[in-house]
Amino acid sequence: MIEIETIEAFELHLRSGAHLANVVIQGLDLRRYTRELASAELAGTVFLGCELEKDALSAALAHGAMVFPPFSGLPYLPYRGAVYSPEELYAGFDPARPETYAETPDARIYAHWATHGRGSPPTLLETLSQRLHDHAVTDAMEDLLLANGGARKVVAIMGGHSMKRGQPDYRAVAALARELTQRGFFMVSGGGPGAMEATHVGAWFARRTEAELDAALAMLAKAPSYTDREWLARAFEVRGAFPLRDGDRPYCDSLGIPTWHYGHEPPNPFATYIAKYFANSVREDGLLTIARGGIVYAPGSAGTIQEIFQDACQNHYNSVGVISPMIFLGTEFWTRTRPVYPLLALLAQGQEYARYLMLTDSQEDVVRALVEYDGARQGGG
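What you are looking at is a predicted structure, and each value in this text was computed from that prediction instead of being measured. (Residues numbered from 1 in each chain as written. Predicted model: local features only at pLDDT ≥ 70, side-chain atom pairs only at ≥ 80, totals over all residues. Heavy atoms only, no water.)

Asker: Could you give me a rundown of the overall build of the protein, with the residues and numbers involved?
Answerer: Of regular secondary structure, the protein possesses 15 helices and 11 strands. In terms of overall size, the protein behaves like a compact globule, its C-alpha atoms giving a radius of gyration of 22 Å where 381 residues would be expected to give roughly 21 Å. Within the span of the protein, comprising 381 residues, buried residues form 52% of the whole. Within the protein, residue pairs in contact and separated by at least 24 positions form 61% of the contacts whose partners lie at least 6 positions apart. Carbon and sulfur atoms form 54% of the exposed surface of the protein, whose accessible area is close to 16800 Å². Side-chain charges in the protein split into 33 positive and 45 negative, and the spacing between the mean points of these groups amounts to 3 Å. (Helix = DSSP H or I, 4+ residues; strand = E, 2+ residues; numbered from the N terminus. Rg over C-alpha atoms; globule rule 2.2 N^0.38 Å. Buried < 20%, exposed > 50% of the residue type's maximum accessible area, 1.4 Å probe, protein only. Contact = heavy atoms within 4.5 Å. Areas by Shrake-Rupley, 256 points an atom, 1.4 Å probe, with all protein chains shown as cover. Lys, Arg positive; Asp, Glu negative; His and termini not counted. Charge placed at Lys NZ, Arg CZ, Asp CG, Glu CD.)

Next up, the structure:
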């Protein structure tokens, strides 16, 4: 079934002479196309949250179309046709006045979510709008990953939100993500601060020198934690000092997958694409599922450990059709501070994914393992 999610695509479809029967049209303002719609074949057409004039609506219903009306009074679009960008979520933010974050769409959506029941909305309509939004984001994310013939080699880095800028671990994650991006991997993370931000900083600097990366890290370290008032402002300062230049994209693109469930942690603006969800469970499962090229686990706490065993469950039962590497960066951390790796190694005994487990302190080992795995996949091995 054809899906149309932009006015440009809709007009192109009309100019091509193709009919609109059995076409899904999502989130478009079609009020100036009443004449075209009134004379079109609309049997089986689905209008999701489209603006329609009265005559067009009557024609659609008379021809057997399904019309899901738009929602009103929401700070977000349930039927959106694309993932977010930092520019969209942070529209109105002034780095010179950090308090203006409260005026951004990201902050306003979080405030709406927090005052309307948080994870348990008080009305069916609110629940439905959130679920439709999350489904639309998943659909848009799948379209993004299938772009360019589905050639994206997705690798995720998981790690703690409390990892501070200026720490050696933060730089190690950024350097690793930078090299992986240079090697053609598409970096994904949970989209928040800490190790997640470092992942996207590394991707952002894939076409810049190591000296430029270090200069940026020094600028970021002036506000080490996401709880610091200047945290977001420093990120925009770095973006301004080291912008993505003509030709940098798609070589520096990356995808952050945050959630308003943790809306007190703003998404980092170094991810060029942001798939932000209301339902954290949907977000986490989707993040782990799309990382078919492997996942690197940097130091983290309960959330990271939850993701480890959720990923292990996918690999243990091969529930997504791919068994991919689980690489633990930090031997001391993962064997003594948070001794997860010994338990996981025991769990994996006799299972295929045992050969894809790695515990290391070496960036070179991580890169080598992921490159070899990707080569084996591409070669059918």
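Asker: Go over the packing of aromatic side chains, please, and point to the residues and values.
Answerer: Between two aromatic rings, the relevant description is the distance of the centres plus the angle of the planes. Taken as a whole and assessed by the stated rule, the structure comprises 17 aromatic pairs. Ring plane angle 55 degrees and centroid distance 4.8 Å describe the contact between Tyr-76 and Phe-278, whose orientation is recorded as tilted. Note that Tyr-76 is positioned in the loop between β4 (66–68) and α4 (86–89) and Phe-278 in the loop between β8 (273–274) and α11 (280–290), a separation of 202 residues in sequence. Residues Tyr-76 and Phe-278 agree in their burial class; the two are buried. Judged by centre distance (5.7 Å) and plane angle (85 degrees), the rings of Trp-204 and Phe-270 are edge-to-face. Here Trp-204, found in helix α8 (residues 195–204), pairs with Phe-270, found in the loop between β7 (254–256) and β8; they are 66 residues apart in sequence, far enough to count as distant. Its relative accessible area of 6% is what places Trp-204 among the buried residues. Look at Phe-270 and you get buried, because its relative accessible area is 0%. (Phe/Tyr/Trp six-rings, centres within 6.5 Å; stacked < 30°, edge-to-face > 60°.)

Asker: Could you give an account of the environment of Arg-249, naming the residues involved and the relevant values?
Answerer: Topologically, Arg-249 is positioned in the loop between α10 (231–241) and β7. Its relative accessible area of 40% is what places Arg-249 among the partly exposed residues. Taking the C-alpha atoms as reference points, Arg-249 and Arg-207, separated by 42 residues in sequence, lie 9.6 Å from one another. Every residue in contact with Arg-249, bar those within four places of it in the chain, is listed here: Leu-244, Thr-272 and Tyr-273. A polar contact is formed between the side chain of Arg-249 and the side chain of Asp-253, at a distance of 2.7 Å. For Arg-249, the side chain forms a polar contact with the side chain of Tyr-273, separated by 3.3 Å. (Polar contact = N/O pair within 3.5 Å; in protein donor to acceptor, adjacent residues only side chain to side chain.)

Asker: An account of α10 is requested, with residue identities and associated values reported.
Answerer: Spacing of three or four residues puts side chains on the same side of an α-helix, whose turn is 3.6 residues. The element α10 is extensively covered by neighbouring structure, given that 8 of its 11 residues are classed as buried. Along α10, the residues classified as buried are Trp-231, Leu-232, Ala-233, Arg-234, Ala-235, Phe-236, Val-238 and Arg-239. Looking at the buried residues of α10, the elements they touch are α4, α8 and α9 (210–220).

Asker: Before we move on, could you go through the environment of Ala-271 and cite the residues and values that matter?
Answerer: Turning to its location among the elements, Ala-271 is positioned in the loop between β7 and β8. Residue classification places Ala-271 among the buried positions, given a relative accessible area of 1%. Residues in contact with Ala-271, not counting those within four places in the same chain, are Pro-86, His-200, Ser-254, Leu-255 and Gly-256.

Asker: Please give an account of the sheet that holds strand β2 (residues 24–26) that cites residues and values.
Answerer: Sheet architecture is open: 4 strands sit in the order β1-β2-β3-β4, paired in parallel fashion. Across the chains shown, the open sheet's two edge strands, defined by having one partner strand only, are β1 (3–4) and β4. Here 3 bridges tie strand β3 (residues 46–48) to β4, and the two strands are oriented parallel to one another. Residue Phe-47 lies in a different strand from β4, and its bridge partner there is Val-67. (Pairing = 2+ DSSP bridges.)

Asker: Which residues make up unusual backbone geometry, and what are the values?
Answerer: Cis rather than trans, the peptide bond between Arg-249 and Pro-250 has omega equal to 10 degrees. Structurally, Pro-250 is set in the loop between α10 and β7. Not every positive phi belongs to a glycine, and Arg-118 is a case in point at roughly 55 degrees. Tracing the backbone shows Arg-118 in the loop between α5 (105–115) and α6 (124–150).

Asker: Describe the pattern of salt bridges, and please don't skip the residues or the numbers.
Answerer: Here the structure, examined in full by the defined rule, presents 23 salt bridges. For the salt bridge of Arg-207 with Asp-248, the shortest nitrogen-to-oxygen distance reads 3.3 Å. Of the two residues, Arg-207 is situated in the loop between α8 and α9 and Asp-248 in the loop between α10 and β7; the sequence distance between them amounts to 41 residues. Taking the relative accessible area as the measure of exposure, Arg-207 reaches 40% and is therefore partly exposed. Judged by its relative accessible area of 3%, Asp-248 is buried. One salt-bridge network, held together by shared partners, links Arg-97, Glu-99, Arg-229, Glu-230, Arg-234 and Glu-237. (Salt bridge = Lys/Arg side-chain N within 4 Å of Asp/Glu carboxyl O.)

Asker: Tell me about the nonpolar core, residues and numbers included.
Answerer: Of all hydrophobic cores here, the largest spans 48 residues; its most connected members are Met-141, Val-188, Leu-255, Ile-257 and Tyr-297. The leading source of residues in this core is α6, at 5 residues. Leave out the neighbours within four places in its chain, and Ile-257 touches Met-141, Val-188, Ser-189, Gly-190, Gly-191, Ala-275, Tyr-277, Arg-283, Leu-287 and Ile-290. One finds Met-163, Phe-270, Ala-298 and Leu-329 within the second-largest nonpolar core, a separate group that totals 33 residues. (Core = buried A, V, L, I, M, F, W, Y, C linked by side-chain atoms within 4.5 Å.)

Asker: I'd love a proper account of the sheet that holds strand β11 (residues 357–360), names of residues and values included.
Answerer: Whether parallel or antiparallel, the strands of a sheet pair through hydrogen bonds between backbone atoms. As summarised here, the arrangement of the 7 strands in space is β8-β7-β6-β5-β9-β10-β11, forming an open sheet in which the pairing is parallel. The sheet terminates laterally at β8 and β11, the two strands that pair on one side only. Strand contacts of α8: β5 (153–158), β6 (185–189) and β7, with the helix running at about 155 degrees to β6, the strand carrying the most contacts. In the packing of helix α14 (residues 340–347) onto the sheet, contacts are made with β10 (326–329) and β11, and the angle to β11 comes to roughly 155 degrees. (Axes fitted to C-alpha atoms, helices over the stretch in contact; angles between N-to-C directions.)

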